[in-house]
Amino acid sequence: MKTTRRYTMTTRAEAAERTRMRILDAAVSLADSKLLADILLDDIATEAGVSVQTVLRRFGNRAGLIEAARQHAQARVEEERRTPVGDVDAAVRTVVDHYEERGDGVVLMLAQERTDEAIRAITTGGRALHRTWVTDAFGPYLPEDQENREGLVDLLAVATDVYTWKQLRRDRGLSRTRTEARMNQLVRALLPHAP
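For every chain, the first residue of the written sequence is number 1, and numbering continues from 1 along that sequence. Predicted model: local features are reported for residues with pLDDT of at least 70 only, side-chain atom pairs are reported and counted for 80 or more only, and whole-chain, interface and lining totals are derived from all residues. Derived side-chain values reflect all non-hydrogen atoms in the structure, with water molecules and hydrogen atoms excluded from consideration.

(A) Structural detail: the layout of surface pockets. Of the voids in this model, the largest pocket is the one considered here, and its volume is about 770 Å³. Cavities and pockets are defined on a 1 Å grid built over the protein atoms alone: a cavity is a set of grid points where a 1.4 Å probe fits but cannot escape, while a pocket is an open set with protein on both sides within 12 Å along at least five of seven lines, and lining residues are those with an atom within 4 Å of any such point. Taken together, 35 residues make up the lining of the largest pocket; nearest its centre are Val-77, Val-106, Ile-122, Thr-123 and Gly-126. Only helix H1 (2–31), helix H4 (62–80), helix H5 (88–112), helix H6 (117–137) and helix H8 (162–171) provide two or more residues apiece to the lining of the largest pocket. Working definition: helices are DSSP H or I runs of at least four residues, strands are E runs of at least two. Numbering for both runs from the N terminus. Counting residues per element, the lining of the largest pocket draws most heavily on H6, which supplies nine residues. Polar here means any residue other than Ala, Val, Leu, Ile, Met, Phe, Trp, Tyr, Cys and Pro, which are nonpolar, and Asp, Glu, Lys and Arg, which are charged; Gly is therefore polar. Across the lining of the largest pocket, the residue classes tally to 20 nonpolar, seven polar and eight charged. Grid points are joined across faces, edges and corners, and a volume is the space filled by probe spheres set on the points.

Put into structure tokens, the structure is as follows:
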């Protein structure tokens with residue numbers, strides 16, 4: 001009987017976690033195409049296939065859900081951006097892949113950051129994550145002295161930024177392949193000693 005009880009508790013816990021993840025995925029997905037202020041708990045519940053009560057039971061309130069969704073999205077982005085340290089081609093390919101998947105949603109978030117405090121927290125975290133990614137991915141080619149290092153990280157962050165991708169891919173209408181090639185060219189101009 002203990003085995004059955006343990007199995008039931010494990011099954012319930014797994015089902016609860018799947019429900020929680022569906023809700024978080026729904027919130028993140030909706031934020032890719034709608035203004036955060038326009039996303040209702042009803043929208044998230046419908047997208048996740050649950051009731052609003054279930055959303056509230058899991059996250060307490062809208063602010064709790066938004067914070068949990070921010071953490072969930074950040075973890076996903078960190079995973080999507082994993083790249084071999086020092087491999088310039090792989091780094092640029094990885095970041096372009098990421099923007100192909102999420103770039104339009106990121107640009108939408110950036111458009112909201114001046115008027116929405118929750119969005120500002122998300123975009124501030126995103127900038128820090130991007131800068132850390134740049135420092136890690138291109139670390140072997142960065143100078144030792146802090147001032148030159150910071151300056152080069154600034155330039156590499158711009159070369160691999162979502163707005164750079166947007167300008168090439170969306171505004172200019174370049175193909176994904178040409179966009180990646182142009183961003184790679186920018187990075188290689190900044191890192192002439194990279195293999």
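(B) Summary view of helix H7 (residues 146–159). Given the number of residues in a helix, its expected span is that number minus one, multiplied by 1.5 Å. Here H7 contains 14 residues, and its C-alpha end-to-end distance of 20 Å stays within 8% of the 20 Å for a straight helix at 1.5 Å per residue. Those residues of H7 that fall on the buried side of the exposure criterion are Leu-152, Val-153, Leu-156, Ala-157 and Ala-159. Projected onto a plane normal to the axis of H7, the buried residues spread over an arc of 155 degrees and lie on a single side. H7 presents Glu-147 and Val-158 as exposed residues on the side facing more than 90 degrees away from its buried surface. By definition, residues are in contact when any of their heavy atoms lie within 4.5 Å. Buried residues in H7 make contact with H6, H8 and helix H9 (176–190). The classification of residues rests on relative accessible area computed with a 1.4 Å probe and restricted to protein chains. Under 20% of the type maximum is buried, over 50% is exposed, and intermediate values are partly exposed. To obtain the arc, one takes the directions from the helix axis to the C-beta atoms.

(C) Highlighting the side chain of Thr-54. With respect to the element layout, Thr-54 can be found in helix H3 (residues 52–59). The exposure class assigned to Thr-54 is buried, which follows from its relative accessible area of 12%. Here Thr-54 is in contact with Thr-19 and Ile-23, once residues within four sequence places are set aside.

(D) Looking closely at the packing of H7 against H9. Between N-to-C directions, angles span 0 to 180 degrees; the directions come from axes that are lines fitted to C-alpha atoms, helices contributing only their stretch in contact. In the contact formed by H7 and H9, the axes pass within 9 Å of each other and the chain directions differ by 170 degrees. Considering their axes alone, H7 and H9 lie roughly antiparallel with respect to each other. On the side of H7, the interface is formed by Leu-152, Leu-155, Leu-156 and Ala-159, while H9 contributes Met-183, Leu-186, Val-187 and Leu-190. Any angle that is under 35 degrees is reported as roughly parallel, and any over 145 degrees as roughly antiparallel; angles of 65 to 115 degrees are reported as roughly perpendicular and all others as oblique.

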